[in-house]
Each structure stands twice: as C-alpha cells, then as structure tokens.
Amino acid sequence: MRIPLDYYRILGLPLAANEEQLRQAYSDRIVQLPRREYSTTSISSRKKLIEEAYMVLLDTEERKAYDQLYLAHVYTPNKTADQVPQQTLTDNNSKDQDAQSLSIEITPERFVGSLLILQELGEYELVLKLGRPYLVNKPSSVSLKTGHRATQIEIPENSDLPDIILTVSLACLELGREEWQQGHYENAAVSLETGEELLAREGLFPSVRAEMTADLYKLRPYRILELLALPQTQIPKRRQGLELLQSILEDRGGIDGTGNDQSGLNIDDFLRFIQQIRHYLTVSEQHKLFELESKRPSAVATYLAVYSLIARGFAQRQPALIRQAKQLLMQLGKRQDVHLEQSLCALLMGQTEEATRVLELSQEYEALAFIREKSQDSPDLLPGLCLYSEQWLQQEVFPHFRDLAKQQASLKEYFADRQVQAYLESLPNDAQITNEWAVINHQSFPQPDIHHYRHHNNNTTQTPQHHQPVNPELPETHPRPQPESSQGSIPRWNHPSTDGNEGNQISQIPLTAANPNRRTHPVNDHPTAVTNQQPPKRRRRKPTANTLPQRFIQSQANFLSSLDPKTRLVWLVFFSLGGVLIFSLLVSTTFGLVKNIFFPSPSLKGEQLAIQLNQPPINIPDPNSEPEATNNEELTKETAKEVIETWLSAKTSALGQNHDIDGLKEILTGAVLSQWQSVAQQEQEDQRHRQYKHNVEIVTVSNKGTDKDYVSVDAQVQEVTKFYQNSQQQKSSSENLRVRYDLVRKEGKWLIQKMSVIQNFL
C-alpha cells in the first residue's frame, strides 16, 4: 500500500539539507516519543519509517535517485503513478488524494506508524481519511457501525486497531482545537464529540477522553454565543444554543450560583457572559429564560426578568406583564433600592400619584435630577417622569433585546392603545395600590439635595447609566467575541440600598385617596397627566423644628406597633439605651460649657508650640540605620514589566526540570498562587516539565479605583513552550497573548493576585 508521505517530510528537512542537518534531524525524531498511550508496536513501526527515510537520504546514490523522482513529481502535477489507491481504502478516499503529494510504499505492519507520523505533522484530516476504513471494516467485536457489543474476553483480529483508534481520536482532538482557535466553535465541537464518542464506545484511553470532555465543557459558552448569534430563521440551531445555556445554568445552580460547570468562568465572568448573550436573545426568549431562573430563587434573574417583562409589556401593549414586573420588584425592594423601577412601572400602569410618591424614595440622584429639571414648571414630577420613561426604555431597556433594538418608545402611542386602556380601566385605583407599595418601603433612604440638581442645564438629556455586574487555560479568541454594545450595561441588580439614617428617621408614604378615574394620556412630545379634575398644586414644605420631634415620635410609634411583642421589647430597650446615652452627652456638654463660662482656665497668648518635655520636637533618626525607601509611588510601565518578568521567571522555574515551586510565593498571592502550585506539583508527580522563552511588552497600566495599591496591567506576552515527559520532548507551542494582570502592593512589594487572557493573536 502507498501512503502520501515522503522521506523529507518524515524527517522534517528541506530538499537542500546537508548531511549534518540530516543526522541532527534523525537524532531529534528518534528522541521525540509519541504519547504514552501508544503501544510498543506502533512506536516501533514509526521508528522503522524514520530509519528508512534516514538510510535512503544518507546514501548518496539512493538520495540522488530519490531527488530526481521527487523533483519529477513536483513539476509533473498530473502524474498518476503516486496516486495508486490503497487496496483497503475506499474509492472515495483514493479520488481525494492530492495529486501534488508524494507517496511511499509501506507494508501493512507499518500503517499505524505512518498514521502516527502524519498525526505529528498536523495532517489531521488525512489521518481521519486513512483511518476511517479500518474503523468501519473492523471485526464485529469492536465495530462502531454494526452495533455489536464486544465482550471483555474477545480479542480483535487486528492488534494495531487500538493504536489506530487512538490516532484517529487524537486527530479529532487536535482538529477540534484548531477549529476553536479559528473561531469555528460548532465545527470544533463536532470534531471533539466525534473523538469522544469513538473512545466512549470502545471503552479505551480514558485520559484522552477526559481531555476531550474538558474541552467540550470549556467550549460551551463559545458555542452558545455562536448559535444564538445566528439569524432568527435558523430555529433548530438557536434552540440548540438555548439548550446548551440551560445545561450550563443547571450545572452552576443558576445565574449567580456557585456550582462548577467546568467552563472556567467565575461568577463575575459568567455575569458578563449573560449580559453579552442578551443582545442575541429576543424579548420572549429572555422572558421565558429569566422568569424560570428567578424561581431558584435568584436576585439577578429576577431583575433581568423585570426588564424583559417591562420591555415585552410595553412593546406588545400588554400591561399585565408590567404588573407582573411590579410584583417582582416588590420582592427585590426588601433588599435593595428599586424605587425608580417601581415608579416607572406605576406610571406605565396609569397610577400617576403612586409613581411620583414612590419616586421620591429613590436614591438614583442623576435620574431624579433629570426628572426634576424637566418638571420645573409643573406642580409635580409627572412631566419629567414621562420624558425619563421614554428615554429609559429607548436607551437602557430595548437595546438589550434582539427584536427591540430599533423599537421606538412612545408613551403617547402606548396609552392610546385600546387594549391598554381597557386593561388600565379595570385596575384598582391609586388608594388601593398604595398599601401594596407600603409593604416594601419600611426602610428609609436619604433624600438627595434637590436644590443642587435644580441648577443643571435645562437641555440635559443624559440618562443615568446603570452599574454592571477568561481564564488563562482557555484558548481564547474571545467573543469571546465580546461584542458588547456601547450602550450595554448590566442592570443595577447588585446595588443594595443603604440607609445612613436608620433609627433616626423613618420615611413615611402618605396614604391619600386618589381619583379612581385618573389616567395618563400624553398628547404631544412632552406628555403630561390628563385627569377629569384639575389636581391641586402640591407644596413641599420643609418640616419646622417644632414638627420634627412629633413626626419622629409618631414614626417610632408606627414602627413599633407593626412588630411582634418580643421584637418590640428589644427595640424598646434599644431606644431606652439610646435615650440615656444622648441625655448623658447633653449633660456633660452643658456642664463643660458652664464650667468654662464661670471658671475660665488661664491661657497663654500668642501661637503655642507643640512641644512636649518627654519627646523631642522632631524625630531623630538612628545614625546607624539606613534611610527608609518610600514605596508609595505609582506603578510605572518599567516597574510593571519587571514584575511580569519576575512572574514569568518564577513560572519557568516552578514548571522547569527542578520544579522550584517555593519561588511562586515571591510573586503570586491568593487563589492564583494555589492554582499554579497545584499545576507545578502535578507536573512534578507526572515527571513532566516545561521550558519557556518569553518576551513581554507592557501595553497599559491603570489604577483600580482610588487605591494606588491595586493596579491592572495589560501586557503583550510572547511565549514559546517545550513540553517534556521523562526528559524527552513531547511537543512545543508558540503563543502570542494579551494578558491582564491584577497587581496588589503588600508590604511595599507588588504581587499578582489575578491574571486572565483577554486576547489570543494567531
């Protein structure tokens, strides 16, 4: 049989290689051993092919004759002598052979060795083409296609069959990784699943199968993004993406769950991933997904369900969905400030008085400033709230839904819809709804300074932006793809409400009766509330000093009356102790003032020097001590490069032949230290080591917040790696990565506490 190989490719040499290069290449190829799962027979077959190529090219006469044949084939593309099909191959395989490729005659015993060499040369598709006939036509005891199950006592007729299966599986593994690097994630999954299924059916090589399974788990987020980004007409593939997403959520235990889905994404990375896929999901898909996830329960999923309900309810003119969103907000309001969203829901439900009343409890100062600015000529905040609602829907809600990105938000059209009007007419009035909101508003939220915001420009139309909620082992080309919208931001699900004045001031919502026929009907570009009767103008008066104690006592009484007896007793004791403490402070302060008035102490005139008898006026340094170095300066690119190079040196030593694991403590800290220590220990136990060559270029250095001791560094890292098993080189790789390092300064020394690959350059 003939195999599409030539002696120069077997040795990895050019046509003009001299004798010294030939000997060196032969020595290197003999030393390099394949994976340990291969049998001695396949390794021996590979070695014989390498020796055959070496002997032919070493002999001058034989090499001259072979070179003539080689050159004649290269310049005679239609030559058919080298396209003789293998007897055991199918006709389709022989027709697909490249007419330009040379071939050599081999015996059947050397077939597995030739497959192994093709595998090492990266000819994965050719390995699959040559190896598939052996898998299809093998004995029934190990057949893939006939469905016969092999028992443990049956022995295949072909003793090389396990090695052929291993080579084909490894070709699937490497081909899948190549497709992964090129961004073809579904093709990569098909290759990996083919190899994994082959090994699972045969029950062979569990370690190789585990590698494929691990890659498939890491590949799931990329596949989800690729499938969901397809056109909406490709329903089956998009449904497959949703099923994969559901499987990840089940493994993690929800969006903010702590389960291990083996994707390598931590909680923050997964939240960013969820935010990213929202741009590829329709409003109905998000509604179904997040409503189901909110029942785990999950605060994040509940907030996202609120957004999808509001968007779908407004776009499809279904106020019932907005009412459902309002009920979910009541659950969230027990732990965080969602008064702004509650106010917007009340407005869309036609409950205008409730909307303005709840709005005053919000801590969203920028939104309140915009609303007050647009409502200066109105007795209430309704005009500004209407304008803000349209802008909020247009800029912060709709862009996160695939089918609503170009949707226009118009309150006028919404309230003019007959279906909306019919539903709103059937709702309870504002007075009945007030008690519904009062359930969640026991906690007080400090009110913003409205006078400060009233000085803003009247032309301001900027809406407040909500705050938003890779793993070095992932071969990232990222979306992954990370095509995050410039308008995109994860909603404010992780902003719990703060109460700076709790215990001193309890916010009370006035429970006033409202006109049951009150509805909002915007009629122009600046919608206002239209009612059957002209509402009286409301005046906001600052409480006087005489009314404050009375309101405070009344709020305490209302608060205590709502508690059970045991809790009420605890709060009474607490208030009593607080009253005693305040009284003692007042008495001591009054006594001190009286004493200073009637018995003033003598004082010195002029500016006094801060000098004490038992201490020198200035610190006198020890003459034998060295001056202390200040380490509070900001991190520069030069220093950052030294830190990164120190880490790469420590990594080289820890994973090198001597396995200097203790050196990692000098540059790493936290979870990343434990991770790399485990990797180095595992390499040492498996008698493996690596050799690295690095080149580092610092791209950016930026502070994380206001603390100068926390810095983020983006670096361009070129890494060449050689992998060794039992002191014999197995393979090598070259990568060009952009890595983000999070640095922290401890005791004047910069350490790396987190690192992640943000881009992989091919």
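Before reading further, recall that the structure is shown in the block above.
On to the packing of helix H7 (residues 124-136) against helix H8 (residues 161-181). Between H7 and H8, the shortest axis-to-axis distance is 9 Å and the interhelical angle comes to 145°. With respect to the hand of their crossing, H7 and H8 are arranged in left-handed fashion. On H8, the residues touching Tyr 124, Glu 125, Val 127, Leu 128, Gly 131, Tyr 134 and Leu 135 of H7 are Leu 161, Ile 164, Ile 165, Thr 167, Val 168, Ala 171, Cys 172, Glu 174, Leu 175 and Glu 178. Among the residues forming the contact of H7 with H8, the class breakdown is 12 nonpolar, two polar and three charged.

Residue Arg 296 is joined to Pro 297 through a cis peptide bond whose omega torsion reads 5°. The topology assignment puts Pro 297 in the loop between helix H13 (283-293) and helix H14 (299-315). One non-glycine residue, Gln 262, lies in the positive phi region at around 60°. By the secondary structure assignment, Gln 262 is in the loop between helix H11 (235-252) and helix H12 (267-277). Unusually for a residue other than glycine, Asn 726 sits at a positive phi of about 55°. Turning to its location among the elements, Asn 726 is positioned in the loop between strand E6 (710-725) and strand E7 (728-746). Owing to a relative accessible area of 42%, Asn 726 belongs among the partly exposed residues under this scheme.

Once that is clear, we can look at the side chain of Thr 282. By secondary structure assignment, the location of Thr 282 is in the loop between H12 and H13. Using a relative accessible area of 6% as the deciding quantity, one classes Thr 282 as buried. Among the polar contacts made by the side chain of Thr 282, one reaches the side chain of Ser 284 at a distance of 3.2 Å. Not counting the four nearest positions on each side in its chain, Thr 282 is found in contact with Gln 232, Phe 401, Arg 402 and Asp 403.

About the criteria used
Residues numbered from 1 in each chain as written. Predicted model: local features only at pLDDT ≥ 70, side-chain atom pairs only at ≥ 80, totals over all residues. Heavy atoms only, no water. Axes fitted to C-alpha atoms, helices over the stretch in contact; angles between N-to-C directions. Helix = DSSP H or I, 4+ residues; strand = E, 2+ residues; numbered from the N terminus. Left-handed = near helix turned anticlockwise from the far one by under 90°. Contact = heavy atoms within 4.5 Å. Nonpolar A, V, L, I, M, F, W, Y, C, P; charged D, E, K, R; others polar. Buried < 20%, exposed > 50% of the residue type's maximum accessible area, 1.4 Å probe, protein only. Polar contact = N/O pair within 3.5 Å; in protein donor to acceptor, adjacent residues only side chain to side chain.

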